[in-house]
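Below are the chains, spelled out letter by letter.
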2 protein chains.
Amino acid sequence: MDLPSIALQRAVEQLSRLPGVGKRSALRYAMHLLKMNGPEVQDFADAIVRLKTDVHHCHLCHNLSDSETCPICSSPKRQRSIVCVVENVQEVMAIENTQQYRGLYHVLGGVISPIDGVGIHDLTIDALFERVRTGQPDPIEEVILALPTTMEGDTTNFYINKQLAPLGVKVSVLARGIAVGDNLEYTDEITLGRSIVNRVPFAQ
Amino acid sequence: MDLPSIALQRAVEQLSRLPGVGKRSALRYAMHLLKMNGPEVQDFADAIVRLKTDVHHCHLCHNLSDSETCPICSSPKRQRSIVCVVENVQEVMAIENTQQYRGLYHVLGGVISPIDGVGIHDLTIDALFERVRTGQPDPIEEVILALPTTMEGDTTNFYINKQLAPLGVKVSVLARGIAVGDNLEYTDEITLGRSIVNRVPFAQ
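Since we're looking at a predicted model, the values are computed, not measured. (Residues numbered from 1 in each chain as written. Chains lettered and ligands numbered in written order. Predicted model: local features only at pLDDT ≥ 70, side-chain atom pairs only at ≥ 80, totals over all residues. Heavy atoms only, no water.)

Draft legend 1. Inspection of the sheet that holds strand β4 (residues 104-107) of chain B at higher detail. Residues and elements named next belong to chain B. Spatial ordering of the open sheet is given by β4-β3-β5-β6, a layout of 4 strands whose pairing is parallel. Bordering the open sheet on either side are β4 and β6 (170-173), each of which pairs with just one other strand. Averaged over all adjacent pairs, the angle separating strand axes in this sheet is 25°, with direction ignored. Running over the sheet, helix α4 (residues 89-98) touches β3 (82-86) and β4 and is turned about 155° from β4. Of the strands in this sheet, β3, β4 and β5 (142-145) are in contact with helix α5 (residues 125-134), which crosses β4 at around 145°. (Pairing = 2+ DSSP bridges. Helix = DSSP H or I, 4+ residues; strand = E, 2+ residues; numbered from the N terminus. Axes fitted to C-alpha atoms, helices over the stretch in contact; angles between N-to-C directions. Contact = heavy atoms within 4.5 Å.)

Draft legend 2. Geometry of the nonpolar core. Among the nonpolar cores identified, the biggest contains 82 residues, and A:Leu8, A:Leu15, B:Leu8 and B:Leu15 are the most heavily contacted of them. Sequence-distant contacts of B:Leu8, defined by excluding residues within four places in its chain, comprise A:Leu51, A:Val55, A:Leu64, A:Met93, B:Leu3, B:Leu27, B:Ala30 and B:Leu34. (Core = buried A, V, L, I, M, F, W, Y, C linked by side-chain atoms within 4.5 Å. Buried < 20%, exposed > 50% of the residue type's maximum accessible area, 1.4 Å probe, protein only.)

Draft legend 3. Up close: helix α1 (residues 6-15) of chain B. What α1(B) keeps buried is the set B:Ala7, B:Leu8, B:Ala11, B:Val12, B:Gln14 and B:Leu15. Projection of α1(B) onto a plane perpendicular to its axis shows the buried side chains occupying an angular sector of 165°, all on one side. Residues of α1(B) that are buried make contact with α3 (38-54), β2 (64-65) and α4 (89-98) of chain A together with α2 (23-35) of chain B. Where α1(B) starts, the residue carrying a side-chain oxygen 3.2 Å from the main-chain nitrogen of B:Ala7 turns out to be B:Ser5. (Arc of directions from axis to C-beta. Polar contact = N/O pair within 3.5 Å; in protein donor to acceptor, adjacent residues only side chain to side chain.)

Draft legend 4. Molecular detail of the pattern of salt bridges. Residues and elements named next belong to chain A. Applying the stated rule across the entire model yields 12 salt bridges over all chains. As a salt-bridge pair, Asp-54 and Arg-50 come within 3.9 Å of each other at their nearest N and O atoms. In this pair, Asp-54 and Arg-50 both sit in helix α3, 4 residues apart, roughly one turn of the helix. (Salt bridge = Lys/Arg side-chain N within 4 Å of Asp/Glu carboxyl O.)

Now the structure itself:
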């Protein structure tokens, strides 16, 4: 695709770096930005630059935050002895949206994946062990593993569990089973199988 | 969706202004930008700001351009007596990609659409008439209408044709018919009907 302007070409190249955005979508975005007025486009670009300058990682849980300690870690209302281990910030948001969890988090920043070149030291796993081992800033009684059910997620679960075992902390994982509202007929066998094996008492 | 950072929230709001991008995609884009390094994000934002500062509209055909006159209008190789009228810059690129057209263009910037509040004076229609009437900078012998086959496109075609009629310029439209490689069986009736009515001599 030959674009009539070098500046447009550059904008399209940059926009097509976004995940899942091809040249055609990038051009559509660029044309839309071109139709916006000057100050609007400036606001758009500023918001993107500010992502790098204003967004920090919480020094405790590694969640994104505007300050050194995220609102969850600094909240006096949270139960500080439970830590939920998640892959990314998106999972923190998803769990927060359920309003069913009042403990703290630990964001790994990924899962162990030798194929993608992601090792233990690319993640915040050591910081998690440190939190549990030292009991600083809070003694931790339970670690909930909420990683994805992929081979990489399972590997990471296994490694964390093995390292935490000697520290005497309770380690649990999220319950897997048939989604609420789902039909048994259309549930995959692995999920259905697990939900039978891990059945729970009625009216728990 | 509650985001853990105001800067992230703002970036997501701005990114979701792009066409077809919802909050979830915008968050995905923002997380991707967060993972890029500082200079990369700065380049990204600069390319967007430059869209507004560096991209101009050609004073003659209203195509996008880095300079006052676009490369097509300033090319000595183009046939300057034919003008192809298109809705947007994207159509110029599409026609250029065919390498079958050597004339000039006129980009309307839209089509007449009372429902969307787009009238004649929101478009560059008057500038087109001026080009044909004055014969400046080049006398124009033929105007090719390459607008979309929608009610709005047809209305715009009709209006332009009516205004151009007294000026003695030849007005043509793009041939509509079965796409090359398409099967008659699956062609819609309107297209098939038109292609029968507008049949052309064999081996033209």
